[in-house]
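What follows is the residue order along each chain.
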Amino acid sequence: MSIEARTPCDIRTYRSPDDATATFDVFQTAIRQTAASVYEPDQVEAWAGPARTDLSNWDTRRREAATLVAEVEGAVVGFADLTSDGLVDMVFVHPRVGGKGIARALLTAVIRAARARGLTELRTFASRSAQPAFERLGFVVVADRPDNMVRGVAVPNAEMRRNLA
Ligand SMILES: CC(C)(COP(=O)(O)OP(=O)(O)OC[C@H]1O[C@@H](n2cnc3c(N)ncnc32)[C@H](O)[C@@H]1OP(=O)(O)O)[C@@H](O)C(=O)NCCC(=O)NCCS
């Protein structure tokens, strides 16, 4: 990707509870639009789950996972998180800014944060949609998971790891 094709974005820490609605919208839209190109409708529906949810639970999970958000011109367009044991549990970018380097910026910040915490390795369970982006950021597949189940539906993904040494 050329530098010109990238969209400048700001990466900052998640603000509770103000960022709950925008991050949940990014999550839903990224699955229902972007990931829908590589998964079947029943897989998309199972993964996305209810279009409305208790945002207080969502907000708590974002805080607990040290979520980072990406902003473009003041609007939240993506987010990623990092649990204390080095799991990158979520990376989602709104399709309107897809392919413009937002995930790269988020994952670069996650890697920096992980190093600052003294972690030596990152893990993730990458969707078929996200696997190429994780590979570009240095993650490697350690196990394909064709039988990964979400709400009773198989939604294949891959366990990936990145050495931070
Ligand atoms: C996966 C996702 C987060 C990527 O976000 P993005 O902002 O579009 O990604 P970027 O533009 O930062 O791309 C990062 C790198 O990966 C590459 N890349 C991204 N998607 C790619 C694809 N489908 N095929 C090939 N390369 C891809 C880019 O070319 C870029 O490489 P470079 O920076 O070395 O030039 C986004 O598509 C998304 O939200 N998908 C749906 C939800 C999902 O699957 N989330 C992950 C859950 S595990």
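Up top is the structure these notes are about.
Residues numbered from 1 in each chain as written. Predicted model: local features only at pLDDT ≥ 70, side-chain atom pairs only at ≥ 80, totals over all residues. Heavy atoms only, no water.

S.K.: Report on the nonpolar core, specifying residues and quantitative values.
M.R.: Grouped together as the largest cluster of nonpolar side chains are 27 residues, with contacts concentrated most on Val88, Ile102, Leu122 and Phe134. Elements represented by at least two residues in this core include exactly strand S2 (68-72), strand S3 (75-80), strand S5 (91-93), helix H4 (102-116), strand S6 (121-127) and strand S10 (157-163). The element that contributes the greatest number of residues to this core is H4, accounting for 7 residues. In contact with Val88, other than residues within four places in its own chain, are Asp81, Leu82, Leu107, Val110, Leu122, Arg123, Thr124, Phe134 and Phe139. Among the nonpolar cores identified, the runner-up in size contains 22 residues, and Ala35, Phe92, Val153 and Val155 belong to it. (Core = buried A, V, L, I, M, F, W, Y, C linked by side-chain atoms within 4.5 Å. Buried < 20%, exposed > 50% of the residue type's maximum accessible area, 1.4 Å probe, protein only. Helix = DSSP H or I, 4+ residues; strand = E, 2+ residues; numbered from the N terminus. Contact = heavy atoms within 4.5 Å.)

S.K.: Outline the site of the ligand, listing residues and values.
M.R.: The environment of the ligand is formed by 23 residues, the closest being Val91, Gly99, Gly101, Arg104 and Ser127. Measuring from an oxygen atom of the ligand, one finds a backbone N or O atom of Val93 at 3.0 Å. Between a nitrogen atom of the ligand and a side-chain N or O atom of Ser129, the distance comes to 3.2 Å. In the complex, the protein chains occlude 81% of the 940 Å² of accessible area that the ligand would expose alone. The set of elements that each furnish at least two residues to the shell around the ligand consists of helix H1 (20-34), S5, H4, S6 and helix H5 (131-136). Grouping the amino acids of the shell around the ligand by side-chain chemistry returns 13 nonpolar, 6 polar and 4 charged. (Near = heavy atom within 4 Å. Polar contact = N/O pair within 3.5 Å; in protein donor to acceptor, adjacent residues only side chain to side chain. Areas by Shrake-Rupley, 256 points an atom, 1.4 Å probe, with all protein chains shown as cover. Nonpolar A, V, L, I, M, F, W, Y, C, P; charged D, E, K, R; others polar.)

S.K.: Can you tell me about the sheet that holds S10, naming the residues and giving the values?
M.R.: As a general point, the strands of a sheet are linked pairwise by backbone hydrogen bonds and lie either parallel or antiparallel. Across the sheet, which stays open at both edges, the 4 strands sit in the order S4-S6-S10-S7 with mixed pairing between neighbours. Of all strands in the sheet, those bounded by a partner on one side alone are strand S4 (87-88) and strand S7 (140-145). Direction of pairing for S6 relative to S10: antiparallel, over a ladder of 7 bridges. Its bridge partner lying in S10, Phe125 is registered against Glu159. Contacts between H4 and the sheet are confined to S4, S6 and S10, with S6 contributing the most and set at about 150° to the helix. (Pairing = 2+ DSSP bridges. Axes fitted to C-alpha atoms, helices over the stretch in contact; angles between N-to-C directions.)

Everything listed here is a matter of geometry and, on its own, says nothing about what the molecule does.
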